[in-house]
Protein chains: 2
Amino acid sequence: MDDSAVLGQSKRRLAFTTDSFTVEPIFFPGGDIGRLAVCGTVNDLSMVGAKPRFLSIGFIIEEGYPLDQLKKIVQSIYQAVKEADVMIVTGDTKVVQRGKADGVYINTSGIGEVFDQVSISASHAKPGDAVIVNSPLGCHGMAVVTSREGFGFTSRIESDVAPLNELVERMVHASAKIHVLRDATRGGLATVMNEIAHQSRVEIELDETLIPVSESVRGACELLGFDPLYVANEGVLVAIVPNEVEKSILQAMKKSKYGRESQIVGRVMKGHSGRVTLKTQIGSHRILDLLSGEQLPRIC
Amino acid sequence: MDDSAVLGQSKRRLAFTTDSFTVEPIFFPGGDIGRLAVCGTVNDLSMVGAKPRFLSIGFIIEEGYPLDQLKKIVQSIYQAVKEADVMIVTGDTKVVQRGKADGVYINTSGIGEVFDQVSISASHAKPGDAVIVNSPLGCHGMAVVTSREGFGFTSRIESDVAPLNELVERMVHASAKIHVLRDATRGGLATVMNEIAHQSRVEIELDETLIPVSESVRGACELLGFDPLYVANEGVLVAIVPNEVEKSILQAMKKSKYGRESQIVGRVMKGHSGRVTLKTQIGSHRILDLLSGEQLPRIC
């Protein structure tokens, strides 16, 4: 292997992103650090309207980490790469002494090609736009935390970790007019809505009755004192799209494996305060603030 | 910040690489993990004949790591990025609990644009080619290990960690016919020569009297039982170039800050065994084998 991979030329704008993964536990219901590392970077590229193409992978491995578990992680990476239809073209492995890491940490960086005519950014939300979510909230965070703490929940919650690039490609083909795409990872839906409202200088109103949360996630959140709107996801995206294309985009989303439960959950409002409000089930309004600090560390 | 950086289009072939850095100690004579992380990735891109353009940076930080030291690392990254004339366009930070990392680990990935008409690979060495080295060997490895073990050497050895892209650009402009470029990092000159001889299916002969090693490095190696030919470098490259352009490339190298001491240290020979031999100072020949395992762990 040479020191770098030499790729072809590209006629498109490029997207570039990086993410390190330190999730604990390394294996959790519905996935592991390997699937997470591939999907996380695939999704970050997708969220600027890019088609993910090439990934790098860097391992930091604690001396003595069992080889059979490492093989399971590599197998999981292979499966996720195949599903997302991307290529790992460069990699690196470092081994540190026992006690100097927690099993395995993984960094994935990625290059994507931005689809023609799209201009997607968290600063592009406009009053009147629909807020669409593709999938129920809170699965990843609650899968990791309930498996970590060993609560022995009878209804095992599975992480939603998934590559969303096929879903995004369908959306872009339905309309290149998408204003914002964000995956609702650390800090969950409420946090990314706040970031978008702030960056776009708008207000956003979500409707609690429309926001999909599974019974098992809702139950676990109640028991443990978490708010599902702030729990991390790894297969949930938020799309903010102009009113005139919301129907065609929603239709396209529902045809994708990871978009079948897509629905409009709110709307961008006039006003420049950056405030996000939730219309509750009983009809009152509550402000969804930014949380200070992280609700759950090492969730990804 | 959006989830990915959106870059422009490029008319050139792209190079892509990744590297994680776990060096211990984090600060060593002549550099630190920050400078190392930038230069390592800049150099990996340079070694395929690419002009480094965009870097990503991912931190894994141990909880409680002193903020002033983190600031020093960031400052050092900033200086190296400025010197190498590249841009950090995307980043990520993860914090893990105390005891789950060793201060700071850094991953840098990078995108470069391959210079037109070059075709540089470790498999391209040809009989008759000159083997050129730009700088004295062994400084990085001995700087790290002597500072780590606290031997209190009176002659402080400084790491050679440096961005080699300006040097490589001069070389490519002198001639696009360069066959091989490699930075002699882990395993040192002897290891990369073996890899090149193997990949190119050639034999290589180095001349010990021509290989630059400083007195202080030679002394430290003798005391500690290391062979400078196998010690890691972070500012040394090996170039393998056709006989007809060796003079012009050498001249160009000597004009660069990091190439002033460039010299021809050996030659590619006929034969397909992949063997690397060293003509010693007393005129005998010894085979430079691959070492099994690493001489020095966590050197980068």
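**Section: the overall build of chain A**
Inference 1: Within chain A, the regular secondary structure consists of 7 helices and 14 strands.
Inference 2: For chain A, the C-alpha radius of gyration of 19 Å lies close to 19 Å, the compact-globule estimate for 300 residues.
Inference 3: Considering only C-alpha atoms, chain A reaches an extent of 55 × 50 × 30 Å along its principal axes.
Inference 4: Counting only residues that meet the buried cut, chain A has 56% of its 300 residues in that class.
Inference 5: If you take every contact in chain A between residues at least 6 apart in sequence, the share linking residues at least 24 apart comes to 87%.

**Quick word on the pairing of strand E11 (residues 237–241) of chain A**
Residues and elements named next belong to chain A.
Inference 1: Within E11, 5 of the 5 residues are buried, which leaves the element mostly enclosed by the surrounding structure.
Inference 2: Both faces of E11 are covered, namely the face carrying Leu237, Ala239 and Val241 and the face carrying Val238 and Ile240.
Inference 3: Bridging between strand E8 (residues 130–133) and E11 involves 4 bridges; their strand directions are antiparallel. When the sheet's bridge partners are listed, Ala130 is paired in E11 with Val241.
Inference 4: Where strand E9 (residues 180–183) meets E11, 4 bridges bridge the pair, whose relative direction is antiparallel. By the bridge assignment, Arg182 is partnered in E11 with Val238.

**Notes on the sheet that holds strand E5 (residues 50–62) of chain A**
Inference 1: Across the sheet, 5 strands lie side by side as E6(A)-E5(A)-E7(A)-E2(A)-E1(B); this open sheet has mixed pairing. Because the sheet does not close on itself, it has two edges, and the strands there are strand E6 (87–96) of chain A together with strand E1 (5–6) of chain B.
Inference 2: Bridging between E5(A) and E6(A) involves 9 bridges; their strand directions are parallel. The partner of A:Glu62 across the bridge, within E6(A), is A:Val96.
Inference 3: In the packing of helix H1 (residues 33–46) of chain A onto the sheet, contacts are made with strand E2 (14–21), E5 and strand E7 (104–114) of chain A, and the angle to E7(A) comes to roughly 30°.

**Remarks on the relation of the copies chain A and chain B**
Inference 1: Mapping chain A onto chain B is achieved by rotating through 180° and translating by 0.0 Å along the same axis, at an RMSD of 0.0 Å. Viewed as a symmetry operation, the transformation between the two copies matches a two-fold axis. Within chain A, the C-alpha atom positioned nearest to the axis of rotation is that of A:Ala101, 2.3 Å from it.
Inference 2: Take the interface residues of chain A: 100% of them recur as interface residues in chain B, which is what a same-surface contact looks like.

**Quick look at the domain arrangement of chain A**
All names here are of chain A.
Inference 1: When the domains of chain A are assigned, the result is domain 1 (14–114) and domain 2 (130–287).
Inference 2: The distance between the C-alpha centroids of domain 1 and domain 2 comes to 24 Å.
Inference 3: Taken together, the contact between domain 1 and domain 2 spans 21 residues of the former and 22 residues of the latter.
Inference 4: Secondary structure elements with two or more residues in the side of domain 1 that touches domain 2: H1, E5 and helix H2 (67–84).
Inference 5: No other element matches the 7 residues that H1 contributes to the side of domain 1 that touches domain 2.
Inference 6: Class assignment of the residues belonging to the side of domain 1 that touches domain 2 gives a composition of 11 nonpolar, 6 polar and 4 charged.

**Considering the sheet that holds strand E13 (residues 276–279) of chain B**
Pairing between the strands of a sheet comes from backbone hydrogen bonds, and it takes one of two forms, parallel or antiparallel.
All names here are of chain B.
Inference 1: Judged by pairing direction, the sheet is mixed, and its 7 strands sit side by side in the order E9-E11-E8-E12-E10-E13-E14 without closing on themselves. Only two strands of the sheet have a single partner each, and these edge strands are strand E9 (180–183) and strand E14 (285–287). Strand-to-strand twist across the sheet, computed as the mean angle between neighbouring axes with direction ignored, equals 25°.
Inference 2: Strand direction decides the pairing type here: strand E8 (residues 130–133) and strand E12 (residues 263–269), joined by 4 bridges, are antiparallel. Bridging across to E12, Val131 finds its partner in Gly266.

**Quick word on the interface of chain A and chain B**
Inference 1: Listed per partner, the contact involves 50 residues of chain A and 50 residues of chain B.
Inference 2: Residue assignment for the side of chain A that touches chain B shows that the elements contributing at least two residues are strand E1 (5–6), E2, H1, E5, E6, E7 and E9 of chain A.
Inference 3: Top element by residues in the side of chain A that touches chain B is E2(A). It accounts for 7 residues.
Inference 4: When the residues that make up the side of chain A that touches chain B are grouped by side-chain class, the tally is 19 nonpolar, 17 polar and 14 charged.

**Structural notes on the confidence of the model for chain A**
Close reading of the predicted structure is inappropriate where its pLDDT is low.
Inference 1: Confidence in the prediction for chain A averages 95 pLDDT; 97% of positions are at 70 or higher.
Inference 2: Model confidence for the complex is summarised by a pTM of 0.95, with the ipTM given as 0.94.

**Points about the nonpolar core**
Inference 1: Residues A:Met193, A:Ala239, B:Met193 and B:Ala239 are the most contacted members of the largest nonpolar core, which totals 198 residues.
Inference 2: When neighbours within four sequence positions are excluded, B:Ala239 is seen to be in contact with B:Ile132, B:Met171, B:Ile178, B:Val180, B:Leu181 and B:Ile249.

**Section: the packing of helix H4 (residues 165–174) of chain A against helix H7 (residues 246–254) of chain A**
Describing two packed helices takes the angle between their axes plus the distance from one axis to the other.
All names here are of chain A.
Inference 1: At a minimum axis separation of 8 Å, H4 and H7 run at an interaxial angle of 150°. Viewed along their axes, H4 and H7 adopt a mutual orientation that is roughly antiparallel. Every pair of crossing elements has a handedness; the one defined by H4 and H7 is right-handed. From H4, Leu167, Arg170, Met171, His173 and Ala174 reach across to H7, where they touch Ser248, Ile249, Ala252 and Met253.
Inference 2: Looking at the contact of H4 with H7, its residues break down into 6 nonpolar, 2 polar and 1 charged.

**Some remarks on helix H6 (residues 215–224) of chain A**
Quick reminder: α-helices carry 3.6 residues per turn. Residues three or four places apart thus point the same way.
Residues and elements named next belong to chain A.
Inference 1: Of all the residues in H6, the buried ones are Ser216, Val217, Ala220 and Cys221. Along H6, the residues classed as buried sweep out an arc of 130° about the axis, all on the same side. Among the exposed residues of H6, those pointing more than 90 degrees away from its buried face are Glu215, Glu222 and Leu223.
Inference 2: Two residues or fewer after H6 comes Gly225, characterised by a positive phi angle close to 80°.

**Topic: the environment of A:Val48**
Inference 1: Inspection of the secondary structure puts A:Val48 in the loop between H1 and E5.
Inference 2: Residues A:Val48 and A:Tyr230, spaced 182 residues apart in sequence, show a C-alpha to C-alpha distance of 22 Å.
Inference 3: When sequence neighbours within four positions are dropped, the list of residues in contact with A:Val48 reads A:Ala15, A:Val114, A:Ile120, B:Asp2, B:Asp3, B:Ser4 and B:Val6.

About the criteria used
- Within each chain, residues carry numbers counting from 1 in the order of the written sequence.
- Chains and ligands are labelled by the order in which they are written, letters from A for the one and numbers from 1 for the other.
- Where local features are concerned, this predicted model is filtered to residues with pLDDT of at least 70; where side-chain atom pairs are given and counted, the filter is 80 or more; whole-chain, interface and lining totals use all residues.
- Put simply, DSSP marks the helices as runs of H or I at least four residues long and the strands as runs of E at least two long, and each gets a number from the N terminus on.
- Values of the radius of gyration come from C-alpha atoms, whereas the globule rule sets the reference at 2.2 Å times the count of residues to the power 0.38.
- Three exposure classes are used, all based on how many other C-beta atoms lie within 10 Å of a residue's own C-beta (placed from the backbone): buried at 20 or more, exposed at 12 or fewer, and partly exposed between those limits.
- Note on contacts: each residue gets a C-beta atom placed from the backbone, and two residues are in contact if those atoms are within 7 Å.
- Note on pairing: two strands pair once DSSP finds at least 2 bridges between them.
- For every element, the axis is a line fit to its C-alpha atoms; helices are fit only across the contacting stretch, and the angle between N-to-C directions ranges from 0 to 180 degrees.
- The fit set for superposing copies consists of C-alpha atoms from residues with pLDDT of at least 70 in both; the fit itself is least squares.
- Here the limits of each domain have been adopted from an automatic or database domain assignment.
- Each residue gets one of three labels, nonpolar for Ala, Val, Leu, Ile, Met, Phe, Trp, Tyr, Cys and Pro, charged for Asp, Glu, Lys and Arg, and polar for the others, Gly among them.
- Each residue carries a pLDDT score, the predictor's confidence in it, ranging from 0 to 100.
- Residues enter a nonpolar core if they are buried, belong to Ala, Val, Leu, Ile, Met, Phe, Trp, Tyr or Cys, and are joined to the set through C-beta atoms within 7 Å.
- Angle categories are assigned with fixed cut-offs, so that under 35 degrees is roughly parallel, over 145 is roughly antiparallel, 65 to 115 is roughly perpendicular, and the rest are oblique.
- Here a crossing is taken to be left-handed if its near helix is turned anticlockwise relative to the far helix by less than a right angle, and right-handed if that turn runs clockwise.
- By arc we mean the arc of the directions from the helix axis to the C-beta atoms, nothing more.

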